[in-house]
Amino acid sequence: MKERVFSAIQPTGIIHLGNYLGAVKQWVQTQKHTDCIFCIANTHAITIRQNPQTLHATTYNLAAILLACGIDTEQATLFIQSSIDAHTALAWILECHLSMGELSRMTQFKDKSQKHPKNINAGLFNYPALMAADILLYDVDSVPVGDDQRQHVELARDVAIRFNHEYGETFKIPKAVFPTLTARVMSLTDPSKKMSKSDDNPNSMITILDSPETVRAKLKKATTDSLGQIAFNPEQKGVYNLLTIYQSLTGYNTESILGEFEGKGYGTLKERVGEAIIAEIAPIGERYAVLSKNMQYVQKILQEGARKANEIASVRYTLAKERVGLV
Ligand code: AQP
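Here goes a summary of the coordinates provided. Only a predicted model underlies this, so the values are computations on that prediction, with no experimental measurement involved. (Residues numbered from 1 in each chain as written. Predicted model: local features only at pLDDT ≥ 70, side-chain atom pairs only at ≥ 80, totals over all residues. Heavy atoms only, no water.)

### A few points about the packing of aromatic side chains
Then, in step 1: Under the counting rule described, the total for this entry stands at nine aromatic pairs.
Then, in step 2: Arranged with centres 5.9 Å apart and planes meeting at 50°, the rings of Phe79 and Tyr138 form a pair that is tilted. You can see Phe79 sitting in strand E3 (residues 76-80) and its partner Tyr138 sitting in the loop between helix H7 (122-136) and strand E4 (142-144), a full 59 residues away along the chain. Accessibility assignment for this pair places Phe79 and Tyr138 in one class, buried.
Then, in step 3: Centre to centre, the rings of Phe109 and Phe125 are 5.0 Å apart; their planes meet at 80°, and the pair counts as edge-to-face. In this pair, Phe109 is assigned in helix H6 (residues 107-115) and Phe125 in helix H7, connecting sequence segments 16 residues apart.
Then, in step 4: By relative accessible area, Phe109 is classed as buried at 16%.
Then, in step 5: An aromatic cluster is present here, built from Phe6, Phe79 and Tyr138 joined pairwise through their rings. (Phe/Tyr/Trp six-rings, centres within 6.5 Å; stacked < 30°, edge-to-face > 60°. Helix = DSSP H or I, 4+ residues; strand = E, 2+ residues; numbered from the N terminus. Buried < 20%, exposed > 50% of the residue type's maximum accessible area, 1.4 Å probe, protein only.)

### Digging into the site of the ligand
Then, in step 1: Residues in close proximity to the ligand total 23 residues, the closest being Asp148, Lys194, Ser196, Lys197 and Ser198.
Then, in step 2: Between Gln10 and the ligand, the recorded distance is 2.8 Å, taken from a backbone N or O atom to an oxygen atom.
Then, in step 3: Residue Lys112 places a side-chain N or O atom 2.7 Å away from an oxygen atom belonging to the ligand.
Then, in step 4: The fraction of the free accessible surface of the ligand (640 Å²) that becomes covered by protein chains is 96%.
Then, in step 5: Of all the elements in the fold, those that place two or more residues in the shell around the ligand are strand E1 (4-9) and helix H1 (17-30). (Near = heavy atom within 4 Å. Polar contact = N/O pair within 3.5 Å; in protein donor to acceptor, adjacent residues only side chain to side chain. Areas by Shrake-Rupley, 256 points an atom, 1.4 Å probe, with all protein chains shown as cover.)

Pasting the structure below:
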């Protein structure tokens, strides 16, 4: 039996370099040797108020982007979260086994409540229960995510262990897997916070569909410092962020990167990082341009993905339901 992997991404905008290097690029590599299930987490997305037409369109666009990034549905299953009711149904059962205290310790809840003070809804608070359901429905071995999801995967493990202890073996206990270099890609304009789709400043992020001119312009504006020193020094947040992006994209080791930039200034660093990004994302943009004109094909792939995912999810949900005594 191949190891099984699950991961998800929200259709809250065009994915950025953080989503790509932190999650999607790992997915593309992992699908070659594991049984992968990838989910477009649109149900999660409505914890923040969305325009319904935009959400509908972005959900399908994200599927096209993921296919353009290299998700191969001959190898992996790709589906939309809202097409399988077992996700929200199991989330309810899990919510009844999570405490208010545990959920209120989640830093994402605190961050998003601060960002959206007029809409601190119960769904935002219960988000980790839905994420635990997403994972536990699929008998998963591992969950490749960025560092911001560490706490949520921990909580999924905790609730699964608790449930198994109380009702007997029901869920497989998953482990989180993080990329070594780019588990947290930082904002280009404020490198003390993570690159985020919902950042109001478009210069803070490189989206996967940015044109070469846009990438170059955003890199030029990226925040560095006044030290003028190119070193892998985490204290130099902006420079460190650019260097880790460069290292992750090129695969060069630390010594050769430091050699390459010896005696060079931040202008050269920004140029080279920009060119490495363009080399990676330009082919994705080209493939997306073709796929986005063929959305019927994309929708067919998603339907087939939902059929396959539902076969697995319904078994695990039915068992959990029986275990707690629901008729
Ligand atoms: N900056 C990041 N660096 C590395 N990985 C990241 N991820 C997100 N931001 C970074 C990882 O991308 C995957 C999908 O994330 P998501 O769609 O669930 O969105 P998110 O984590 O809530 O972050 P975003 O993209 O910034 O969206 P908004 O602004 O809507 O909150 C996950 O594996 C995540 O770890």
